[in-house]
Amino acid sequence: MKKIAAVILVLAMAASMVMVVSCKAGGGQMIGVAMPETHVQRWVKDGNSLVEEAKKLGYRAEAQFGDANQGTQNQQIQSFLTQGAKALIVGCINDGVAPVIAEAARDNVVVIAYDRIIPNSEDYDYYITFNNFKVGVLQAESIVAGLDLDAATSPKYITLFAGSPTDGNAFFFFDGAMSVLNPYIDSGKLVVVGPYPRTSSDTNNFQRIATENWQAPIAKTRMENLLSNDARNVTLDAILAPNDTLARAILEACKADAKYRGNLPIISGQDAEWDSAMSIKNGEQFSTVFKDTAKLAEAAIILADQVLKGQPVNIPGAVLATGDLAEIGNTGRKYVNAYLLDPILVTEDNLTVMLDAGFYDDRLDGGNPLRW
């Protein structure tokens, strides 16, 4: 009898330990991951990373991709709610997501805006992203360095591109860049070819340089039109491009113009996409901005986990936006808690930073070409 009692006690203690571990971990609760599209490579990687990180903490998780269609994404989010999701991580497409975010709030579901503010909504409290103003600053600083503007004795010509006007980050990217470029424009060292919004608040001109839904064909067509019209009688020295997908499309247009064969403009980018990293190595695209989205995904799941457990938010490597940066958390209806990670400028001089971070597979046959 004593042996039986001892066995029962051990089993009871083991069951108790399992329950404690289950409570400490996700306990099988569901986290729905809604990403905006697949035509920009990083969103696929982000969706997969978010699911992986959630599962590490004991949550059930599923990622859906909205195909740049807000109606499609709304249906996907509603499906998550129907499945009983306790948290949603949403990289939205536009403010048409607000009604389903309101539904989530009524169901007491935690909503975290992921790398894009959810605009025109007061129904969520958390946003996690990178310091997107600094992203623009880094892009512009790479152009300044690439043109050696501080030592320039004659004007350099630049044209400006911006991201999607439905993505709040596009405004921060642009304003960060122009905070660096405007003084050079004012001094005459830089001359803008084409529309020149001094900041994103110049709505009419900003719309003229914006790229709907970050679509590469739109950027390529606009660049072709610029080369045939406003830039016909000058040689562009630089192009402010807000991300890698658009940068490569713009470069395609330039390479089709005899004037730029073998003499491409300095062009910025963002997202450290593999094709752009190789383009930098090959002397075409000048720079990109590396946002370690694996760390962002990990941080987003830590945030969700802490909020679901009612714990104080403390995310390693992230800071709460305060002061002027608090504007990053402005939805247009309220200020949410915005947690920021730092981006990194990448040029040919530090291309391996993405490999060192495990952002790419470094075990290719023959070694990774970025290390050659």
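This structure is a prediction, so every number in the text was calculated from the model and none was measured.

**Brief notes about the overall build of the protein chain**
Piece 1. For the protein chain, the helix and strand inventory stands at twelve helices and 13 strands.
Piece 2. With the principal axes as the frame, the protein chain shows a C-alpha extent of 95 × 50 × 35 Å.
Piece 3. Put simply, the protein chain has 372 residues, and 51% of those count as buried.
Piece 4. Within the protein chain, residue pairs in contact and separated by at least 24 positions form 69% of the contacts whose partners lie at least 6 positions apart.
Piece 5. Accessible area for the protein chain stands at about 16400 Å²; split by element, carbon and sulfur atoms hold 51% of it.
Piece 6. Of the side-chain charges in the protein chain, 31 are positive and 43 negative, and the distance between the mean point of each set is 5 Å.

**What about empty space enclosed by the protein?**
Piece 1. Counted under the stated rule, the structure contains three cavities of 30 Å³ or more.
Piece 2. In this structure, the largest cavity spans a volume of roughly 120 Å³.
Piece 3. If you trace the largest cavity, you find 14 residues lining it, with Arg42, Trp43, Asp167, Trp214 and Asp271 closest to the centre.
Piece 4. Grouping the amino acids of the lining of the largest cavity by side-chain chemistry returns four nonpolar, three polar and seven charged.

**Some remarks on unusual backbone geometry**
Piece 1. At Asp67, a position not held by glycine, the phi torsion is positive, near 55°.
Piece 2. Residue placement: Asp67 occurs in the loop between β2 (60–65) and α3 (70–82).
Piece 3. Residue Asp67 is classed as exposed on the basis of its relative accessible area, which comes to 61%.
Piece 4. At Asn120, a residue that is not glycine, the phi angle is positive and equals roughly 55°.
Piece 5. Summarising the element assignment, Asn120 is placed in the loop between β4 (110–114) and β5 (126–130).
Piece 6. Look at Asn120 and you get partly exposed, because its relative accessible area is 34%.

**Some words on the packing of helix α8 (residues 216–228) against helix α9 (residues 244–255)**
Piece 1. Where α8 meets α9, the closest approach of the two axes is 8 Å, and the angle between their N-to-C directions is 35°. The two elements α8 and α9 meet at a crossing, and its hand is right-handed. Where α8 approaches α9, its residues Ala216, Ala219, Lys220, Met223, Glu224 and Leu227 are matched on the opposing element by Thr245, Leu246, Ala249, Ile250, Glu252, Ala253 and Cys254.
Piece 2. Counted by class, the contact of α8 with α9 contains nine nonpolar, one polar and three charged residues.

Procedures and definitions
- Residues numbered from 1 in each chain as written.
- Predicted model: local features only at pLDDT ≥ 70, side-chain atom pairs only at ≥ 80, totals over all residues.
- Heavy atoms only, no water.
- Helix = DSSP H or I, 4+ residues; strand = E, 2+ residues; numbered from the N terminus.
- Buried < 20%, exposed > 50% of the residue type's maximum accessible area, 1.4 Å probe, protein only.
- Contact = heavy atoms within 4.5 Å.
- Areas by Shrake-Rupley, 256 points an atom, 1.4 Å probe, with all protein chains shown as cover.
- Lys, Arg positive; Asp, Glu negative; His and termini not counted.
- Charge placed at Lys NZ, Arg CZ, Asp CG, Glu CD.
- 1 Å grid on protein atoms, 1.4 Å probe; cavity = no way out; pocket = protein on both sides within 12 Å on 5 of 7 lines; lining within 4 Å.
- Points joined across faces, edges and corners; volume = space filled by probe spheres on them.
- Nonpolar A, V, L, I, M, F, W, Y, C, P; charged D, E, K, R; others polar.
- Axes fitted to C-alpha atoms, helices over the stretch in contact; angles between N-to-C directions.
- Left-handed = near helix turned anticlockwise from the far one by under 90°.

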